[in-house]
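Structural overview
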Amino acid sequence: MRKQKALLFEMGRAGRCGYSLPSNDVPEKSLSELLPKNVQREEQLELPELSEVEVIRHFTELSTRNFGVDTGFYPLGSCTMKYNPKVNEEVAALPGFTHMHPCQPEHTVQGALELYYNMEQHLKEVTGMDRFTMQPAAGAHGELTGLMVIQAYHRHRGDHQRNKVLVPVTAHGTNPATVTMAGYEVVQIPADERGNVDLEALKEAVDETTSALMLTNPSTLGLFEEEILDIAKVVHEAGGLLYYDGANLNAIMGYVRPGDMGFDVVHLNLHKTFSTPHGGGGPGTGPVGVKERLIPFLPKPLVDKKDDQFYFDYDLPNSIGKVQSFYGNFGVVVKAYNYVCMMGADGLKQASTDAVLNSNYLATLLQDNYYIPYDRIRKHEFVVSAKPEKKKGASAADIAKALLDRGFHPPTVYFPLIVDEALMTEPNDTESKETLDAYARAMEEIARAIDEDAEKVAAGPYYTVVGRLDEVRAVRNPILRWQKE
Ligand SMILES: Cc1ncc(COP(=O)(O)O)c(C=O)c1O
């Protein structure tokens, strides 16, 4: 049975109170004496009157409705909702880190600068790039920074006609959005029948107006680009640069490096691959790494070291400038640094191995009941197409709601766009076999329920706090605050 929650306004009773204070023994002034007339209310403010325990129970109950990686399986494709070890939080909360001020003189923050410096060395090793900035506050912010660096590079060389960025259809949605934000024109490149970038289409698309190719590898289909070296060659020969969306690095770290594949610019999502919490607009970090020839264009300052002293290097005359106040989200970098040190090179490689193993294991289980296009070994995620179920009467969205009823966070739905009725599923490296088996059983149960009564499935969910919402109305006409009838 769905449990309806009364609002505080509905629970309030006149005269009920959450505190008791001794009676006033000093002369009291009325509000009309204290406030000027023009800011005084004409009517009494309606506030619910409640006891302390009612308020506590209300908010405690609401807090248990949050779903997160700490409460359950969260296979939200592309978002890498993996568990974030709590020790990272403890380390980032050390007073030496939290009590710093970004305006402190350099000689008083040597430890923080050393951490930035060391983190950069690790990221260089993992990616094969030559320098990193930690300023961008998210993956998409890293994308914008990277494209601005590319733009500055071409302009510096007088290559002003390069106004197009090639984006494969299998790219993450932020890629074309970033291209537009950076003032470029998006040129879409189709996929071939194996889910790779269509090399022939790419060859036709590149020319002297190509600024860059922006590639998510592994792609949003969870597939590694089989012709990556040829792709790099085609773009470079046309004078373009290669941008690597490395938010999916959790599938390949320790095995292959974007720098060795020919990429010139890379962004990473520390808040995914390197296991720091993200979502809800919370802080992230999208470091951008570049090859040697692009270093002069990076945002300034960079952190450097001379005679055992760490310092901010502002000496970058071609820099695109700052992209974030101060030096980025330091706390996120501390957490990621702790994670990298804890895991070590072998541990990071193992995380990729486990992410890929879990993804292929779960895909194989689901294949008994669902259609998964592009049937080849995937990396960290795979995309189910609920097209056959849609024909029976239950769509990808209906399957997602049915998963909610079974206690699972659904996969990403309706993305990537090249798969009809997509359910983009990323089990990630931190989940156990038992969890994956339980999810596969839930999906099997849903497949059977669709065969028996698709209409019933399409009317769900039945056990969540709210039932099926009119999603269009909820977006177009949201009711976000209580109003007295
Ligand atoms: C492949 C890929 N690129 C870019 C991004 C954008 O990252 P952010 O959400 O931090 O802006 C994501 C986010 O999940 C992603 O999965």
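Quick caveat: nothing in here was measured; it's all calculated off a predicted structure.

A few words now on the sheet that holds strand β5 (residues 241–246). Sheet architecture is open: seven strands sit in the order β1-β7-β6-β5-β4-β2-β3, paired in mixed fashion. Each having just a single partner strand, β1 (131–133) and β3 (185–189) make up the two edges of the open sheet. Here the average twist between neighbouring strands, direction ignored, is 25 degrees. Bridge count between strand β2 (residues 164–168) and strand β4 (residues 210–216): three bridges; the pairing is parallel. Pairing of K164 across the sheet is with T210, part of β4. Contacts between helix α8 (residues 174–181) and the sheet are confined to β2, β3, β4 and β5, with β2 contributing the most and set at about 175 degrees to the helix.

With that settled, the discussion passes to the domain arrangement of the protein chain. A common way to express how large an interface is: the accessible area buried when the components associate. When cut into domains, the protein chain gives domain 1 (8–63), domain 2 (86–343) and domain 3 (352–474). Taking only C-alpha atoms into account, the centre of domain 1 sits 47 Å from that of domain 3.

Neighbouring the ligand are 14 residues; A138, G139, A140, H172 and A247 lie closest to it. Here the residues of the shell around the ligand are counted per class, giving four nonpolar, nine polar and one charged.

In this section: helix α6 (residues 110–127). In this model, α6 (18 residues) spans 26 Å end to end at C-alpha, consistent with the 26 Å of a helix rising 1.5 Å per residue. Looking one or two residues past α6, G128 carries a phi angle of roughly 80 degrees, positive in sign.

Our next topic: helix α7 (residues 139–156). Compared with an ideal rise of 1.5 Å per residue, which puts 18 residues at 26 Å, α7 spans 26 Å between its outermost C-alpha atoms and is within 8% of the ideal. For α7, the tally of buried residues reaches 14 of 18 residues, placing the bulk of the element in the interior. Just past α7, the residue G158 takes up positive phi, approximately 80 degrees.

Here the focus is the sheet that holds strand β11 (residues 412–413). The strand order β10-β12-β11 describes an open sheet built from three strands, whose pairing is antiparallel. Two strands bound the open sheet, and with one partner strand each, they are β10 (382–385) and β11. Here β10 runs beside strand β12 (residues 422–425); their pairing, made up of four bridges, is antiparallel. Bridge pairing in β12 links V383 to M424.

Rules used throughout
- Residues numbered from 1 in each chain as written.
- Predicted model: local features only at pLDDT ≥ 70, side-chain atom pairs only at ≥ 80, totals over all residues.
- Pairing = 2+ DSSP bridges.
- Helix = DSSP H or I, 4+ residues; strand = E, 2+ residues; numbered from the N terminus.
- Axes fitted to C-alpha atoms, helices over the stretch in contact; angles between N-to-C directions.
- Contact = placed C-beta atoms within 7 Å.
- Domains from an automatic or database assignment.
- Near = placed C-beta within 6 Å.
- Nonpolar A, V, L, I, M, F, W, Y, C, P; charged D, E, K, R; others polar.
- Expected span 1.5 Å × (residues − 1).
- Buried ≥ 20, exposed ≤ 12 C-beta atoms within 10 Å, placed from the backbone.

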